[in-house]
Amino acid sequence: MSFIPGQPVTAVVARVEIKKLRQDANLILGFSIGGGIDQDPGQNPFSEDKTDKGIYVTRISPGGPAEAAGLKIGDKIMQVNGWDMTMVTHDQARKKLTKKREDVVRLLVTRKSLEQTVKQSMCSYPRP
């Protein structure tokens, strides 16, 4: 997926709903993020576009809520509970994900395998 600032973004997305795990006063999601508009996009190993400042999943805790929900390393987070995540700082993204009053986090993510599946299916249909 390529991104041009100021232009609409077209992406194939998946919905992922993560139920936070409660440990004492903490709510655990079971994943870590990287990226953001305040970070160096050249350091992002998950994007082919080295100007992409999106928020990406960098780590999944084995057996944690994110793994159980189907989140994958390399997923690009497009929305969190309806909030746009395409132009946020790393800290803004972290705060949206870790709100204490929310037991469930609903994500819209895009991943390379989703885009490849759609492209392959589009190529298999005969054109009129």
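Up top is the structure.
So, how was this worked out
Residues numbered from 1 in each chain as written. Predicted model: local features only at pLDDT ≥ 70, side-chain atom pairs only at ≥ 80, totals over all residues. Heavy atoms only, no water. Helix = DSSP H or I, 4+ residues; strand = E, 2+ residues; numbered from the N terminus. Buried < 20%, exposed > 50% of the residue type's maximum accessible area, 1.4 Å probe, protein only. Core = buried A, V, L, I, M, F, W, Y, C linked by side-chain atoms within 4.5 Å. Contact = heavy atoms within 4.5 Å. Phe/Tyr/Trp six-rings, centres within 6.5 Å; stacked < 30°, edge-to-face > 60°. Lys NZ or Arg CZ within 6 Å of the ring centre and 35° of its normal. Salt bridge = Lys/Arg side-chain N within 4 Å of Asp/Glu carboxyl O. Pairing = 2+ DSSP bridges.

Enquirer: Explain the environment of Thr-110 here, please?
Expert: Considering the arrangement of structural elements, one finds Thr-110 in strand β8 (residues 104-110). With a relative accessible area of 4%, Thr-110 lands in the buried category.

Enquirer: Quick question: what am I supposed to make of the nonpolar core here?
Expert: Nonpolar side chains in soluble globular proteins tend to end up buried together. Ranked by internal contacts, the top residues of the largest apolar core, which has 20 residues, are Ile-18, Phe-31, Leu-71, Ile-77, Leu-97 and Leu-107. Among the elements of the structure, β1 (14-19), β4 (31-35), β5 (55-60), β6 (76-80), α2 (90-97) and β8 are those that each provide at least two residues to this core. Residues contacting Leu-107, with those up to four places away along its chain left out, are Ala-14, Arg-15, Val-16, Ile-18, Phe-31, Leu-71, Ile-77, Gln-79, Val-80 and Leu-97.

Enquirer: Any chance you could explain the packing of aromatic side chains here in plain terms?
Expert: Note on aromatic pairs: each is described by the distance of the centres and the angle between the planes. Evaluated as defined, the whole model comprises one aromatic pair. An angle of 20° between the planes, with centres 6.3 Å apart, marks the rings of Phe-46 and Tyr-56 as stacked. Residue Phe-46 is located in the loop between β4 and β5, and its partner Tyr-56 is located in strand β5; the two are separated by 10 residues in the primary sequence. Sitting over the ring of Trp-83, Lys-96 keeps its end group 3.5 Å from the ring centre.

Enquirer: Is there a simple way to explain unusual backbone geometry in this structure?
Expert: Glycine aside, a negative phi is what most residues show, and trans is what most peptide bonds show. In this model, Asn-81 sits at a positive phi of 50°, which is unusual for a non-glycine residue. Position of Asn-81 among the secondary structure elements: in the loop between β6 and β7 (83-84). By relative accessible area, which is 26% here, Asn-81 ends up partly exposed.

Enquirer: Any chance you could explain the pattern of salt bridges here in plain terms?
Expert: Any two side chains of opposite charge can pair, given that their charged atoms come close. Across all of its chains, the model carries seven salt bridges by this definition. In this structure, the salt-bridge partner of Arg-111 is Asp-75, at a minimum N-O distance of 2.6 Å. Here Arg-111, found in the loop between β8 and α3 (112-124), pairs with Asp-75, found in the loop between α1 (65-69) and β6; they are 36 residues apart in sequence, far enough to count as distant. Between Lys-95 and Asp-91 there is a salt bridge; the shortest N-O distance is 3.2 Å. On the criterion of helical spacing, the pair formed by Lys-95 and Asp-91 is a turn pair, its members being four residues apart in helix α2.

Enquirer: Please clarify how the pairing of β5 should be interpreted in this entry.
Expert: Moving residue by residue along a regular strand, the side chains alternate between the two faces of the sheet. Pairing of β4 with β5 involves five bridges; the strand directions are antiparallel. Looking across to β5, one finds that Gly-34 is bridged to Tyr-56. Pairing of β5 with β6, which is carried by two bridges, proceeds in the antiparallel orientation. Residue pairing across strands places Tyr-56 opposite Lys-76, the latter belonging to β6.

Enquirer: Got a minute to help me understand the environment of Leu-29 in this structure?
Expert: Here Leu-29 lies in the loop between β3 (26-28) and β4. Exposure remark for Leu-29: the relative accessible area of 8% places this residue in the buried category. The sequence separation of Leu-29 and Ile-18 amounts to 11 residues, and the corresponding C-alpha distance is 7.0 Å. Excluding residues that lie within four positions of it along the chain, Leu-29 makes contacts with Ile-18, Lys-20, Pro-65, Ala-66, Leu-97 and Val-105.

Enquirer: I tried to follow the pairing of β8 on my own but got confused; where do I start?
Expert: Taken across its seven residues, β8 has six buried, putting it largely inside the fold. Across six bridges, the pairing between β1 and β8 is antiparallel. By the bridge assignment for β8, Arg-15 is matched with Leu-108. Strand direction decides the pairing type here: β6 and β8, joined by four bridges, are antiparallel. Across the sheet, Val-80 pairs through a bridge with Leu-107, a residue of β8.

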